[in-house]
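# Topology and contacts: notes
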Amino acid sequence: MIYLLMFFISLFFIWLGLSIKENKMIKKFFIVIGLIIPCLMAGFRGMTVGTDTSGYVWNLYINAKNIKHFSGMISFSNWLYYSKDYLYLLITYVIGHNNLSFQLLLFIYELLIVIPIFIALNVNKKDDRDILFGMFLFYMTFYNLSLNMVRQSIAISFAVLSFSILKNKNIKHRYLKSFILLLIGYGFHDTSLFAILIAILYILFNSKKRRYHCSSFFRNFSSSKNQKYLRLPHVNRRKTTNT
């Protein structure tokens, strides 16, 4: 019940900000409040909320306090969890090694999930209702999941933002920006490797010139195969008549 209340309060402030057209400062102020609310909820959640909270998130944070160098943090994570998510470990190391709050760490992680989703919705919106509906769907389907799978959720959020930029032809250098975002996501979890592969395939087949070359290649390849196949019976008949 508390989460539903938080969702609607967040959506209210986002709607309030989006409805303001003249004063951009007030507009951004209300939107920021709306986006911070779910991050604060995630930051101050109990240790039993989310399977990862009391697992690798807490363990890496606690051990970061006693690890002298970041390279040691990487080695420790690789030894304990068989993972080298450099950006994730870097944030954890900076917060833990400097004895900053664990709640701050959880807040930052949720911020890295919520903000890319909001920007992705804003990039391809037709009107403000698309953003509100998208955030509503995010809260109802993905928010609770993000409390359980922190690293994967950050990687997925950056992948969503990457693809929203990739498909928007009005954005300059969209291919470069898209791949930078995917690399950032890879720094949190190797789930982004699948997204990188999909992005490469999208770029290869989306361009008209590349699509033409690919289709002509397959056309020529199939026609050559058919010609060889059609010549085979003729060859066999000649062999049979000679014998």
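Note that the structure is a prediction, hence the values are computed from the model and not measured.

What follows concerns the layout of surface pockets. Here the largest pocket is characterised by a volume of approximately 170 Å³. Lining of the largest pocket is provided by I117, A120, L121, G134, F138, F142, I156, V160 and S164. Secondary-structure elements contributing two or more residues to the lining of the largest pocket are α6 (102-123), α7 (128-141) and α9 (150-166). Broken down by class, the residue content of the lining of the largest pocket amounts to seven nonpolar, two polar and no charged.

With that settled, the discussion passes to helix α2 (residues 24-43). Between its terminal C-alpha atoms α2 stretches 28 Å, which fits the 28 Å expected from 20 residues at 1.5 Å a residue. Residues of α2 that are buried include every one of F30, I31, G34, L35, I37, P38, C39, A42 and G43, and no others. In this structure, the buried side of α2 is in contact with α1 (2-19), α6, α7 and α8 (143-148). N-capping of α2 is provided by N23, with a side-chain oxygen placed 3.1 Å from the backbone N of M25.

Right, let's talk about the confidence of the model for the protein for a bit. A low pLDDT means the predicted coordinates there should not be read in detail. Counting all residues, the mean pLDDT for the protein is 85, and 85% of those residues have values of 70 or more. Highest mean pLDDT in the protein belongs to α6 (95); lowest belongs to helix α12 (residues 208-242) (51). Throughout residues 235-243 the model reports pLDDT below 50, and contacts reaching past four residues in sequence, or to other chains, amount to zero contacts.

So, about the packing of α6 against α7. Orientation of α6 relative to α7, taken along the N-to-C sense of each, is 145 degrees, at an axis distance of 9 Å. Here the hand of the crossing between α6 and α7 comes out right-handed. When α6 is examined against α7, the residues I113, V114, I117, F118, L121 and N122 are found in contact with a partner set consisting of D130, I131, G134, M135 and F138. Along the lines of polarity and charge, the residues of the contact of α6 with α7 split into eight nonpolar, two polar and one charged.

We now examine the packing of aromatic side chains. If you walk through the whole model with that rule in mind, you get 19 aromatic pairs. Between F76 and W79 the ring centres are 6.1 Å apart and the planes differ by 45 degrees, which places this aromatic pair in the tilted class. One end of the pair is F76 and the other is W79, both in helix α4 (residues 70-81) and three residues apart, which spans about a single turn. By relative accessible area, which is 62% here, W79 ends up exposed. On the basis of an interplanar angle of 10 degrees and a centroid distance of 6.3 Å, the ring pair of F158 and F188 is categorised as stacked. In this pair, F158 is assigned in helix α9 and F188 in the loop between α10 (174-186) and α11 (192-206), connecting sequence segments 30 residues apart. Each member of the pair F158 and F188 is classed as buried. Within the aromatic cluster, the residues linked to one another by ring pairs are Y3, F7, F138, Y139, F142 and Y143. Positioned over the ring face of Y56 is R151, at 4.1 Å from the centre of the ring.

Its identity as a non-glycine residue notwithstanding, N99 has a phi of 55 degrees, on the positive side. Among the structural elements, N99 can be located in the loop between α5 (86-97) and α6. Positioned with a positive phi, H173 is a non-glycine residue whose angle comes to about 55 degrees. Residue placement: H173 occurs in the loop between α9 and α10.

Conventions we followed
Residues numbered from 1 in each chain as written. Predicted model: local features only at pLDDT ≥ 70, side-chain atom pairs only at ≥ 80, totals over all residues. Heavy atoms only, no water. 1 Å grid on protein atoms, 1.4 Å probe; cavity = no way out; pocket = protein on both sides within 12 Å on 5 of 7 lines; lining within 4 Å. Points joined across faces, edges and corners; volume = space filled by probe spheres on them. Helix = DSSP H or I, 4+ residues; strand = E, 2+ residues; numbered from the N terminus. Nonpolar A, V, L, I, M, F, W, Y, C, P; charged D, E, K, R; others polar. Expected span 1.5 Å × (residues − 1). Buried < 20%, exposed > 50% of the residue type's maximum accessible area, 1.4 Å probe, protein only. Contact = heavy atoms within 4.5 Å. Polar contact = N/O pair within 3.5 Å; in protein donor to acceptor, adjacent residues only side chain to side chain. pLDDT = per-residue confidence, 0-100. Axes fitted to C-alpha atoms, helices over the stretch in contact; angles between N-to-C directions. Left-handed = near helix turned anticlockwise from the far one by under 90°. Phe/Tyr/Trp six-rings, centres within 6.5 Å; stacked < 30°, edge-to-face > 60°. Lys NZ or Arg CZ within 6 Å of the ring centre and 35° of its normal.

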